[in-house]
Each structure stands twice: as structure tokens, then as C-alpha cells.
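# Results of the structural survey
Chain by chain, the residues:
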Amino acid sequence: MQVPQIQINSLIATTSGICGGVGKAISAKLILTNITFTGIIDVAFYAAISAMVGYGVKKAIDKAVFYLKRHK
């Protein structure tokens, strides 16, 4: 069964965003009693950046694989 490319890209970007956001929350030592609006914005921004980086890496790997397959 072949998974559509859009779903794979979405999965990678979502996973990267979640890992980045959770990592930022842990590193900032956010706890439920200490959540502020600024903290939420900071974590959401970091998650978005992580998702974009994950998507960029995925696209770069896709291009590299396409290039290598084409030049075999």
C-alpha cells in the first residue's frame, strides 16, 4: 500500500513540530501552574519552526533521492 506524498509530508512536519514544541516546553521547565500567554506563544513558535525545518529536510531528502535515481 502506497501512502500519498502529502500525507507523508504532513506526518513528518507534524512529528517535527510536536517534538520541537514538547522539547521547548521541557527545556523551559513549563508546568501547568506556571503557563503564561508568552510561554504558550514561545512554544507554539518553536513548534512551527521545528515543523518547517522538518519539512525542509524531508523535501531535501526527496530531491536527493530523485536526483540519485535519475542518474543511475
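Everything discussed here concerns the structure shown above.
Residues numbered from 1 in each chain as written. Predicted model: local features only at pLDDT ≥ 70, side-chain atom pairs only at ≥ 80, totals over all residues. Heavy atoms only, no water.

## Points about the overall build of the protein
Along the backbone of the protein there are 2 helices and 0 strands. The buried share among the 72 residues of the protein stands at 17%. Accessible surface computed for the protein: about 5,900 Å², of which carbon and sulfur atoms make up 72%. (Helix = DSSP H or I, 4+ residues; strand = E, 2+ residues; numbered from the N terminus. Buried < 20%, exposed > 50% of the residue type's maximum accessible area, 1.4 Å probe, protein only. Areas by Shrake-Rupley, 256 points an atom, 1.4 Å probe, with all protein chains shown as cover.)

## What to know about helix α2 (residues 37–70)
For an α-helix the count is 3.6 residues per turn, leaving residues at separations of three or four pointing the same way. Compared with an ideal rise of 1.5 Å per residue, which puts 34 residues at 50 Å, α2 spans 49 Å between its outermost C-alpha atoms and is within 8% of the ideal. Looking only at α2, the buried set comprises Gly39, Val43, Ala47, Ser50, Ala51, Gly54 and Lys58. (Expected span 1.5 Å × (residues − 1).)

## A look at the environment of Asp42
Its place among the elements puts Asp42 in helix α2. When its relative accessible area of 34% is taken as the criterion, Asp42 is described as partly exposed. Counting along the chain gives 14 residues from Asp42 to Ala28, while the straight-line C-alpha distance between them is 9.7 Å.

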